[in-house]
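Fold and geometry: a report
Below are the chains, spelled out letter by letter.
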Amino acid sequence: MKRILGIIIGIVALALIGYFSFIYYVPYSTGIRSGELIRLSHKGVMMKTWEGELSQGISGAQIFSFSVLDSDKKVIEDLKVLQGGYVKLEYVEKYKTFPWWGETRFFVKAVEKEDSPFNVK
């Protein structure tokens, strides 16, 4: 009986390790989005996360919500400096997220300043 219980606990433990490893390491997609950076906030009560929004249309008709991991300090600082400007975001989409990572499945990995297409010279 103890052996069967040990085998069941081992299988459950391996399944959980496999599930969390899959969520952590395997991206669903990667991509680039451009738009006006309209929000960046550090929010939460128990678990503080960095969340932001990118406006991809006129008057905020199309909003892209994203998260930034706390370990990506350079990205956070770049987003703070570029707040309100037109930017290009490189992101990774995960299958699922953990509460301590952020609210969205989209995680920004790099940001750079971009010229706005609305500024015609």
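The name given to the protein chain in an unreviewed UniProt entry is 6-phosphogluconate dehydrogenase, with the source organism recorded as Flavobacterium shii.

Tallying secondary structure elements over the protein chain gives two helices and five strands in all. Element order for the protein chain, N to C, with α for helix and β for strand: α-β-β-β-α-β-β. Along the first, second and third principal axes, the C-alpha atoms of the protein chain reach 80 × 30 × 25 Å. Expressed as a percentage of its 121 residues, the buried residues of the protein chain come to 31%. Counting only contacts in the protein chain whose residues sit at least 6 apart along the sequence, the fraction spanning at least 24 positions is 58%. Element-wise, carbon and sulfur atoms account for 62% of the exposed surface of the protein chain, whose accessible area totals about 8,200 Å². Measuring between centres, the 16 positive side-chain charges of the protein chain sit 9 Å from its 13 negative side-chain charges.

Counted by the stated rule, this structure contains seven salt bridges. With a shortest N-O distance of 3.6 Å, Lys 109 and Asp 72 are connected by a salt bridge. Placement of Lys 109 in strand β5 (residues 106–113) and of Asp 72 in the loop between β3 (63–68) and α2 (73–82) is noted, with a sequence separation of 37 residues between them. Given a relative accessible area of 37%, Lys 109 falls into the partly exposed group. Judged by its relative accessible area of 17%, Asp 72 falls in the buried class. One salt bridge connects Lys 80 with Glu 77, and the closest N-O pair in it is separated by 3.6 Å. With Lys 80 and Glu 77 both in helix α2, this residue pair falls three residues apart, about one helical turn.

Scoring rules and cut-offs
Residue positions are counted from 1 within each chain, in the order its sequence is given. It should be noted that, the model being predicted, local features are given only for residues of pLDDT at least 70 and side-chain atom pairs only at 80 or more, the latter also being counted only at that level, while totals for whole chains, interfaces and linings use all residues. The side-chain values count all of the structure's non-hydrogen atoms but skip hydrogen atoms and water molecules. Only runs of H or I of at least four residues qualify as helices and only runs of E of at least two qualify as strands under DSSP, and these elements are numbered from the N terminus. Three labels apply to residues, based on accessible area from a 1.4 Å probe with only protein chains included: buried if under 20% of the type maximum, exposed if over 50%, partly exposed otherwise in between. Contacts: residue pairs with any heavy atoms within 4.5 Å of one another. Reported accessibility uses the Shrake-Rupley method at a 1.4 Å probe radius. Residues are deemed covered only where the shown protein chains occlude them. Neither His nor the chain ends is counted toward charge; the positive residues are Lys and Arg and the negative residues Asp and Glu. Charge positions come from single atoms, namely NZ of Lys, CZ of Arg, CG of Asp or CD of Glu. Salt bridge, as used here: a side-chain nitrogen of Lys or Arg that lies within 4 Å of a carboxyl oxygen of Asp or Glu.

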